[in-house]
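Here's the letter readout for the chains.
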Amino acid sequence: MKKYLTLVVVAGVLTTASFSAMAVQSLTQSTDTSQLRPAGTVSVSRASNLDDLQNKLAEKAREEGAKGFVVNSAGGDNHMYGTATIYK
């Protein structure tokens with residue numbers, strides 16, 4: 001019974017974590033942001049590629065309580081950096 005209860009609790013925590021990780025999404029400024037308000041910007045550096053950069057921006061936006069973000073700039077050679085506007 002203890003193993004079953006532990007398994008149910010762990011499954012619930014993992015399910016909640018996966019939904020909260022997906023709560024922030026990359027938006028397109030022209031269509032997706034009309035119902036949201038800008039709430040600031042976030043920036044990251046030292047990403048290894050564009051996917052890593054977008055994931056890091058999404059994580060920062062999630063930490064700020066944003067519902068979505070629009071990437072404003074991205075650049076770099078060996079280490080990528082970028083900024084994004086967050087929307088709530």
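Predicted, not measured: the structure shown is a model, and the values here were computed from it.

Q: Quick one: what's the story with the sheet that holds strand β2 (residues 38–47), residue by residue and with numbers?
A: Adjacent strands of a sheet pair through backbone hydrogen bonds, lying either parallel or antiparallel. Reading across from one edge, β1-β3-β4-β2 is the order of the four strands in this open sheet, with mixed pairing throughout. Where the open sheet ends on each side, the last strands, each with one partner, are β1 (25–26) and β2. Sheet topology places β2 next to strand β4 (residues 80–87); seven bridges connect them, and they run antiparallel. For Ser43, the partnering residue across the bridge sits in β4 and is Thr83.

Q: Please provide a residue-by-residue account of the environment of His79, values included.
A: Here His79 is to be found in the loop between β3 (68–75) and β4. Separated by 32 residues in the primary sequence, His79 and Ala47 have C-alpha atoms spaced 5.4 Å apart. In this structure, His79 is in contact with Arg46 and Ala47, ignoring residues within four places of it in sequence.

Q: Please give an account of the side chain of Thr85 that cites residues and values.
A: Here Thr85 shows up in strand β4. Assessed through its relative accessible area of 16%, Thr85 is described here as buried. Engagement of the side chain of Thr85 in a polar contact is seen with the side chain of Asn72, the distance being 2.9 Å. Beyond its immediate stretch of four places on either side in the chain, Thr85 contacts Pro38, Gly40, Thr41, Gly68, Phe69, Val70 and Asn72.

Rules used in this analysis
- Residues numbered from 1 in each chain as written.
- Predicted model: local features only at pLDDT ≥ 70, side-chain atom pairs only at ≥ 80, totals over all residues.
- Heavy atoms only, no water.
- Pairing = 2+ DSSP bridges.
- Helix = DSSP H or I, 4+ residues; strand = E, 2+ residues; numbered from the N terminus.
- Contact = heavy atoms within 4.5 Å.
- Buried < 20%, exposed > 50% of the residue type's maximum accessible area, 1.4 Å probe, protein only.
- Polar contact = N/O pair within 3.5 Å; in protein donor to acceptor, adjacent residues only side chain to side chain.

Purely geometric numbers; function is a separate question.
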